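Structural features, examined
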Amino acid sequence: MPRLGQVFATRDRLYFELFEEAGQNVLQAAELLDRMLSNFPESKGLAREILDCEHEGDRIVHDIVDRLNHTFVTPIDREDILALASALDDIVDFTEEVADYLGLYRIEAPMDQAIKLARVLKAASRQVAEAIPNLRGFRDLSEHTVEINRLENEGDRITREAVASLFDGGIDPMVVIRWKDLFERLEAAIDATEHVANILEGIVIKNS
């Protein structure tokens, strides 16, 4: 006899489709930021495409909330749907902030640690995008969540080294402030991928 969660999952696939869209949007934004930082300043124009991803993330959240307002039975708990939608949107929001701040702060060239953090974010975002389809049928996704956790630890290490380097060598205080802000936004985006992983894991455990 199928479990209750599995019965509900077959009754309304739209949420899973929207989550998968959100996951792909997260990955696209992270890939664009990676390209932007790797080829900066020639790639400044990619900030517009990353902003488009941020708008697309808002659209997906709106669609999910609208669906919740018109649906009595949901395939997973309503609070889990809202938490996952919000957490996925957070990744894109932080990613877009980095791209925006590069322009606002008139950054002329990226620091090596920023490029490394963008690559970590891209890798973690890919794991998020690949993990989300496992919600269909509530399949094991530990392969992805373990890797996201490893990447988040790597991001923390790079951020600590990056911030420490700002105070080593007599860098202009205004430059220190700007880059510290950028590093913290990059770290927040990576942290947000781990938050998504924790929510996904909780949903699967609850419905298995």
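Described below are features of the structure shown in this document. (Residues numbered from 1 in each chain as written. Predicted model: local features only at pLDDT ≥ 70, side-chain atom pairs only at ≥ 80, totals over all residues. Heavy atoms only, no water.)

1. Focus: the packing of aromatic side chains
Test applied: Pairing of aromatic rings covers Phe, Tyr and Trp, the last through its six-membered ring, and needs centres within 6.5 Å; plane angles under 30 degrees mean stacked, over 60 mean edge-to-face, and all others mean tilted. The secondary structure listing takes helices from DSSP runs of H or I that are at least 4 residues long and strands from runs of E that are at least 2 residues long, numbered from the N terminus. Buried residues are those whose accessible area, probed at 1.4 Å on protein chains only, stays under 20% of the maximum for their type, while exposed residues exceed 50% and partly exposed ones sit between those limits.
One pass over the full model with this rule turns up three aromatic pairs. Arranged with centres 6.4 Å apart and planes meeting at 70°, the rings of Phe 16 and Phe 138 form a pair that is edge-to-face. Of this pair, Phe 16 sits in helix α2 (residues 14-38) while Phe 138 sits in the loop between α5 (112-131) and α6 (142-166), placing them 122 residues apart in sequence. Overall, the relative accessible area of 6% leaves Phe 138 in the buried class. Taking 5.4 Å as the distance between ring centres and 35° as the angle between the ring planes, the aromatic pair formed by Trp 179 and Phe 183 counts as tilted. Of this pair, Trp 179 and Phe 183 both sit in helix α7 (residues 173-207), separated by four residues, roughly a single helical turn.

2. Some points on a negative patch on the surface
Counted only if it meets this: Patch rule: a residue counts if its relative accessible area is over 30% and it has no salt bridge; like charges are joined within 9 Å, and nonpolar side chains (Val, Leu, Ile, Met, Phe, Trp, Tyr) within 5 Å. The protein chains shown are the only cover counted for residues, whose accessible areas, like all others here, come from Shrake-Rupley with a 1.4 Å probe. Any carboxyl oxygen of Asp or Glu within 4 Å of a side-chain nitrogen of Lys or Arg constitutes a salt bridge here. Charge assignment in this entry is limited to Lys and Arg as positive and Asp and Glu as negative, and neither His nor the chain termini are counted. Charge positions are represented by NZ for Lys, CZ for Arg, CG for Asp and CD for Glu.
Side chains of Glu 130, Asp 140, Glu 143 and Glu 201 sit close together on the surface and give a patch of like negative charge. Following the sequence through the fold, Glu 130 ends up in helix α5.

3. Thoughts on unusual backbone geometry
Excluding glycine, a negative phi dihedral is what most residues carry, and trans is how most peptide bonds are arranged. Note that the residue after Phe 40, namely Pro 41, is joined by a cis bond; omega there is 10°. Mapped onto the elements, Pro 41 comes out in the loop between α2 and α3 (46-69). Phi is positive for Arg 106, which is not a glycine, with a value near 50°. As for its position among the elements, Arg 106 is in the loop between α4 (78-104) and α5. Backbone geometry places Phe 138, a non-glycine residue, at a positive phi of 55°.

4. Observations concerning the side chain of Asn 25
Here is the rule: Whether two residues touch is decided by their heavy atoms; if any such pair falls within 4.5 Å, the residues are in contact.
Inspection of the secondary structure assignment puts Asn 25 in helix α2. Residue contacts for Asn 25: discarding those within four places in its chain leaves Cys 53, Glu 56, Gly 57 and Val 92.

5. Let's talk about the environment of Val 204
Along the chain, Val 204 turns up in helix α7. Setting aside residues no more than four positions away along its own chain, Val 204 makes contact with Leu 135, Phe 138, Arg 139 and Leu 141.

6. Thoughts on the packing of α5 against α6
The relative placement of two packed helices comes down to the angle between their axes together with the axis-to-axis distance. Test applied: Helix axes are fitted to C-alpha atoms over the stretch in contact, other axes to C-alpha atoms as well, and angles between N-to-C directions run from 0 to 180 degrees. Angle categories: roughly parallel below 35 degrees, roughly antiparallel above 145, roughly perpendicular from 65 to 115, and oblique for all the rest. Crossing handedness follows the turn of the near helix against the far one: under a right angle anticlockwise gives a left-handed crossing, and clockwise gives a right-handed one. Three classes are used: nonpolar for Ala, Val, Leu, Ile, Met, Phe, Trp, Tyr, Cys and Pro, charged for Asp, Glu, Lys and Arg, and polar for all others, with Gly counted as polar.
At a minimum axis separation of 9 Å, α5 and α6 run at an interaxial angle of 165°. Between α5 and α6, the interaxial angle falls into the category roughly antiparallel. Here α5 and α6 pass one another in a crossing that is left-handed. Residue-level contacts link Gln 113, Lys 116, Leu 117, Val 120, Ala 123, Ala 124, Gln 127, Val 128, Glu 130 and Ala 131 of α5 to Glu 143, His 144, Glu 147, Ile 148, Leu 151, Glu 154, Gly 155, Ile 158, Thr 159, Glu 161, Ala 162 and Ser 165 of α6. Per-class residue counts for the contact of α5 with α6 are 10 nonpolar, six polar and six charged.

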